[in-house]
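Understanding the architecture of this molecule
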Amino acid sequence: MTTAPAVGRPVDRVDGRHKVTGGAHYSADVRPTDRAHAVLVGARVPSGRVTGIDTDEARQAGGVLAILTHENLPGIATQPPLLPSLAGMPAPGQTFFPLQDEVVHYSGQPVAVVVADTLERAQHAAALVRVTYQETPSVTTVAQGRDDAYVPDAIFGGFVPGRSVRGDVEAGLAAADVRIDATYTYAANHHNPIEPAATTAVWDGDQLTLYDATQGVAATQLTVAALLGLSPSKVRVLSHFVGGSFGCKAMIWAHPALAALAARHVGRPVKLSLTREQMFTSVGHREEQEQRIELGADKEGRLVALRHHKLSPTSPFDDWAEPSLGVASQLYACAHYEGVYRLFRANTMTPTFMRAPGEASGMFALECTMDDLAHQLGIDPVELRLRNYSETDPTTKNPWSSTGLKECYARGAERFGWHRRRPAPRSHRDGDWLIGYGMAAAGYPVYGPNNPQRARARLYADGTAVVQAATPDFGTGVATVMTQVAADALGLPWERCRFEGGDTALPGIAAAVGSAGAGMISAAVHTAAARLRDQLVAQAVADSQSPLHGADPAAVTVRDGRMMLRDAPATGETYGDLLHRNFLPDVEASGAWSPSPESHHYGMMTFGAQFAEVAVDPDLGVVRVRRMVGAFAPGRVLNPKTARSQLMGGMLWGLGQALLEANYMDPRRGRWVASGLGDYLVPVNADAPDIEVELVDVTDDIVNPLGVKGVGEIGQVGAAAALANALHHATGRRVRKLPVTIEDLL
Amino acid sequence: MSAPDIPSRAPARAVLPERGPEPVRITLTVNGVDRAVEVEPRVSLLDALRERLDLTGAKKGCDQGTCGACTVWVDGRRVLACLTLAITCEGREVTTIEGLAEGDELHAMQSAFIEQDAFQCGYCTPGQIMSAVALLKEGHASDDREIAEWMSGNICRCAAYPHIRAAIRTVRDRA
Ligand code: FES
Ligand code: FES
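Residues numbered from 1 in each chain as written. Chains lettered and ligands numbered in written order. Predicted model: local features only at pLDDT ≥ 70, side-chain atom pairs only at ≥ 80, totals over all residues. Heavy atoms only, no water.

A closer look at the overall build of chain A
Each helix and strand in chain A was counted, giving 17 helices and 32 strands. Judged by the C-alpha coordinates and their principal axes, chain A covers about 80 × 75 × 50 Å. Taking all 746 residues of chain A together, the buried fraction comes to 65%. Accessible surface, chain A as shown: approximately 25000 Å² in total, 49% of it carbon and sulfur. Each charge class in chain A was averaged separately, 67 positive and 79 negative side chains, and the resulting centres sit 2 Å apart. (Helix = DSSP H or I, 4+ residues; strand = E, 2+ residues; numbered from the N terminus. Buried < 20%, exposed > 50% of the residue type's maximum accessible area, 1.4 Å probe, protein only. Areas by Shrake-Rupley, 256 points an atom, 1.4 Å probe, with all protein chains shown as cover. Lys, Arg positive; Asp, Glu negative; His and termini not counted. Charge placed at Lys NZ, Arg CZ, Asp CG, Glu CD.)

Remarks on the environment of Phe-317 of chain A
All names here are of chain A. Among the secondary structure elements, Phe-317 is positioned in the loop between strand E16 (303-314) and helix H8 (326-330). Residues Phe-317 and Thr-95 lie 222 residues apart in sequence; the distance between their C-alpha atoms is 6.3 Å. Excluding anything up to four places from it in sequence, Phe-317 contacts Gln-94, Thr-95, Phe-96, His-105, Tyr-106, Arg-345 and Thr-350. (Contact = heavy atoms within 4.5 Å.)

Describing the sheet that holds strand E21 (residues 465-468) of chain A
Residues and elements named next belong to chain A. Read across the open sheet, the four strands follow the order E22-E21-E20-E26; overall the sheet is mixed. Unpaired on one side and paired on the other, strand E22 (497-500) and strand E26 (586-593) mark the two borders of the sheet. Adjacent strand axes in the sheet meet at a mean angle of 20°, parallel and antiparallel pairs treated alike. Note that strand E20 (residues 453-460) and E21 share four bridges and pair antiparallel. (Pairing = 2+ DSSP bridges. Axes fitted to C-alpha atoms, helices over the stretch in contact; angles between N-to-C directions.)

Quick notes on the interface of chain A and chain B
Each partner contributes to the interface: chain A provides 60 residues, whereas chain B provides 53 residues. Summed over both partners, the interface of chain A with chain B buries about 4500 Å², with 52% contributed by carbon and sulfur atoms. Looking at the side of chain A facing chain B, the largest losses of area belong to Val-20, Ile-194 and Asn-685 of chain A, adding up to 17% of the total buried there. The interface formed by chain A and chain B contains 10 salt bridges. Of the charged contacts, one joins Asp-29 of chain A and Lys-59 of chain B as a salt bridge, the two residues approaching to 2.5 Å between their closest N and O atoms. Inspection of the region where chain A meets chain B yields 32 residue pairs in polar contact (both at pLDDT 80 or more). Going through the elements one at a time, helix H1 (16-21), helix H3 (119-128) and helix H15 (640-659) of chain A are the ones with two or more residues in the side of chain A that touches chain B. The element contributing the most residues to the side of chain A that touches chain B is H15 of chain A, with eight residues. Residues belonging to the side of chain A that touches chain B are distributed by class as follows: 24 nonpolar, 21 polar and 15 charged. (Buried area = accessible area lost by both parts, 1.4 Å probe. Salt bridge = Lys/Arg side-chain N within 4 Å of Asp/Glu carboxyl O. Polar contact = N/O pair within 3.5 Å; in protein donor to acceptor, adjacent residues only side chain to side chain. Nonpolar A, V, L, I, M, F, W, Y, C, P; charged D, E, K, R; others polar.)

Describing the nonpolar core
Core analysis: the largest hydrophobic core is formed by 259 residues, its most contacted members being Leu-208, Leu-228 and Met-563 of chain A together with Phe-113 of chain B. The element that contributes the greatest number of residues to this core is helix H13 (residues 517-542) of chain A, accounting for 13 residues. Val-30, Ala-58, Cys-70 and Cys-89 of chain B belong to the second-largest nonpolar core, a separate cluster that totals 24 residues. (Core = buried A, V, L, I, M, F, W, Y, C linked by side-chain atoms within 4.5 Å.)

Remarks on empty space enclosed by the protein
All names here are of chain A. Within this structure, the stated rule accounts for seven cavities of 30 Å³ or more. When its volume is computed, the largest cavity comes out at roughly 170 Å³. For the largest cavity, the lining is made up of 21 residues, of which Gln-94, Pro-98, Trp-253, Ala-254 and His-255 are closest to its centre. Broken down by class, the residue content of the lining of the largest cavity amounts to 13 nonpolar, eight polar and no charged. In this structure, the second largest cavity spans a volume of roughly 70 Å³. Surrounding the second largest cavity, Tyr-106, Ser-107, Phe-280, Thr-281, His-285, Asn-347, Thr-348, Met-349, Met-665, Gly-670, Arg-671 and Trp-672 form its lining. (1 Å grid on protein atoms, 1.4 Å probe; cavity = no way out; pocket = protein on both sides within 12 Å on 5 of 7 lines; lining within 4 Å. Points joined across faces, edges and corners; volume = space filled by probe spheres on them.)

Structural notes on the domain arrangement of chain A
Think of interface size as the accessible area that goes away when the parts come together; that is how it is often given. All names here are of chain A. We note that the domain assignment places domain 1 (16-22 + 450-594) and domain 2 (355-448 + 600-746) within chain A. The gap between the C-alpha centroids of domain 1 and domain 2 is 38 Å. At the interface, 17 residues of domain 1 touch 18 residues of domain 2. Between domain 1 and domain 2 lies a buried interface of about 1300 Å² when both sides are counted; carbon and sulfur atoms form 62% of it. Together, Gly-514, Ser-515 and Trp-593 form the three largest contributors to the area buried by domain 1 at its contact with domain 2, with a combined 34%. For the pair domain 1 and domain 2, the interface holds five residue pairs in polar contact (both at pLDDT 80 or more). When contributions to the side of domain 1 that touches domain 2 are tallied by element, the ones reaching two or more residues are helix H12 (478-490) and H13. Residue contributions to the side of domain 1 that touches domain 2 peak at five residues, all from H13. (Domains from an automatic or database assignment.)

Focus: the UniProt feature "domain: Aldehyde oxidase/xanthine dehydrogenase a/b hammerhead" (unreviewed entry) in chain A
According to UniProt, the "domain: Aldehyde oxidase/xanthine dehydrogenase a/b hammerhead" (unreviewed entry) feature falls on residues 21-137 of chain A. End C-alpha atoms of residues 21-137 of chain A are separated by 51 Å, and the span's content is 14% helix alongside 29% strand. (UniProt positions renumbered as here; feature names shortened; annotations may be inferred.)

Focus: the layout of surface pockets
Roughly 1100 Å³ of volume is contained in the second largest pocket. For the second largest pocket, the lining is made up of 45 residues, of which Leu-40, Gly-42, Thr-275, Glu-277 and Gln-278 of chain A are closest to its centre. Elements with a minimum of two residues in the lining of the second largest pocket: strand E1 (36-42), H3, strand E6 (130-135), strand E14 (270-273) and strand E30 (671-672) of chain A together with helix H1 (45-52) of chain B. Of all the elements, E1 of chain A adds the most residues to the lining of the second largest pocket, at six residues. Classifying every residue of the lining of the second largest pocket by side-chain character gives 22 nonpolar, 12 polar and 11 charged.

Have a look at this one:
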């Protein structure tokens, strides 16, 4: 048994054993008795109307239980508005629900659901459904939609204005000594977690249970309840293991409700798993986009003006763009700024959050332009960023709750060996390979939830504890770190604490999105566990039979499950003694946490710095990423082992974004060109260099009780820019598009 | 690139009578136990394991042979269970992640994956481990570069790759 604090220790994941033995049951692994299988049929045209659905042949195929189309599926009760799931309300990914009428808005839109007794039979019957369409012209690419663009009032579920201004950007640009005007283009990206989205729906009378792969069980519960016109009290959602998400399971798409409707229709439990191909048309994506930056600086490289415009397609129903301009408007001191989102309606589903949603793309544009500026002025890229360092949040002039950015630059540069870099492009070689070094800054906002986050802690008389909160663990390590948080608050060894989550029957937690999970859940768990400890101490000092009777509760400390006087540790008793003596099998307390009002007076951001070394074959254009070093200041690190893994994963996502990941709409057919992992390339083992993660300590008393700023997304921010800047250093070519491919370097 | 060694010649087998398309009863030997199961000949080994034998350790990431999440062994060779028909595995030894530990005693590779934090969500992990153990047996783990090449058929979207290599190295060096 250990007495050192559990928080901050690199303990192994508590669910590791389940995951390495095949004992972890994901949403598609549950097998209720008599389970049937549902398969979606997607529209083959991007725009138009369904003119007929011939289901005769499919119906006659063996094992078919039902074929649901807009002609026989019950209508939905209400369509909730699009609201990010962190808000804690119903959170549909788009304000369109399929199978309500014959109109086709995008390729892949569900037009039928086939249910059969086995998966093979459902798949076969789905292939026999004959749908005819009247196709109308479609718009799916930036090239097609550019001239129809408009500036929306707000994007991102209403949370981000379409236009933001400070100072006078025109005057600022006119007064600048140096100006850069650069346009960046981005292919669309897809999350592609290895677990496809899946829901298993089970009705018991009018009570619905959903096993759903989700970042928030309450988001699924509230959304499905609204769509089906059920009380949330009738819907329970379980999500014990989720096979990755990266944002595509952060909002609730049509399939959980369709699984529930199908199960009700056939009177049997139904599993609905999306196919890999359907993962490209059913759960959102990072939109294709174009960003233009006009930047003005003085001769010393200090920014005086920044204009940042983005153009991207959205769906016919929602004004959605990832907020690419946010962090890029906050990172540097710059008096004159204008940021504008322009959208056009296209035949796609509503795009959605994808890891570092907006920051990954916006910071690519800004940080490549900063590299360009450094190069043009002959200033070291790290030095240029230090000259533009902002002591306050430039958008509000509020102080930062904590930063660590300068330390990230320094420690990252040191670990990387940045001083060895000779500034001129093409000045490092290794045999035939051109070698390049690049860097970029990183930032990611600290988001707070809109409503209280709740947890419950229960201590048993044997001295073990269980803490509960509804959050699922989709690979973040939340189940592990929350045992550590609870252990310290209760004064127990972490091995004697267990975390239960992933169930709407437990105290409510908003969806763990936007890197907010660790901060808000640790706050709720800490609050509940600390309240339970205080309650037990209060009971002991009030108990005439306790050695602590009459003591000041503030003078009592707890270690290893034993309450004692801080100044006289011999005086005390264990939790177990207290409970046994009072015939208490267990004691329980709940806690809730909301961000403090004070936090609104601070800029809250996680900072970091990325460094990368690439090798380029000058004849073939082949790129090898040799190493990546990231220094991050994410506030308190609850568990360095799991935190490092998440940061490393984010950096490798930056590698994928920089060099591999791309999808394009075929403008004639209005559908994605890539639809599988064979043609949508994600990094594989051979693509991934060793990654070095440097953790910079910062204390933050503002963001939440434990000062946790989050590690889920910051690892990706700036990584693609560092790589592109390294490619420029290696080759002298400034590639302003993602991903960078061989052709760009030849 | 990462295909396992394919034996130069399959053992001679008797010509089997034509069966299907209706479900047929076959016996699969999975993790050393004979299991009778009714399957249509079109049923993949992966769906036979997951949907009929309650062995959900092997995962379906794509059903297209592109991700490696479904990796199991057939007669000791790693195969993609989503591209293998269950009926072709009659009379062969199928090993899944559930068959790797000896009772409560984890296989060294399983322990190494936990120690090195070689996963996050864990969805690719059964496939990674089945490949990793086979890789050592195949002799394809001499250095990191070789490990990386021969493990590149198993995608990890959480991108635990450097830690997966570390786990394989640890087991290799302990042996
Ligand atoms: S499920 Fe078999 S390779 Fe992906
Ligand atoms: S651990 Fe999540 S895909 Fe590998």
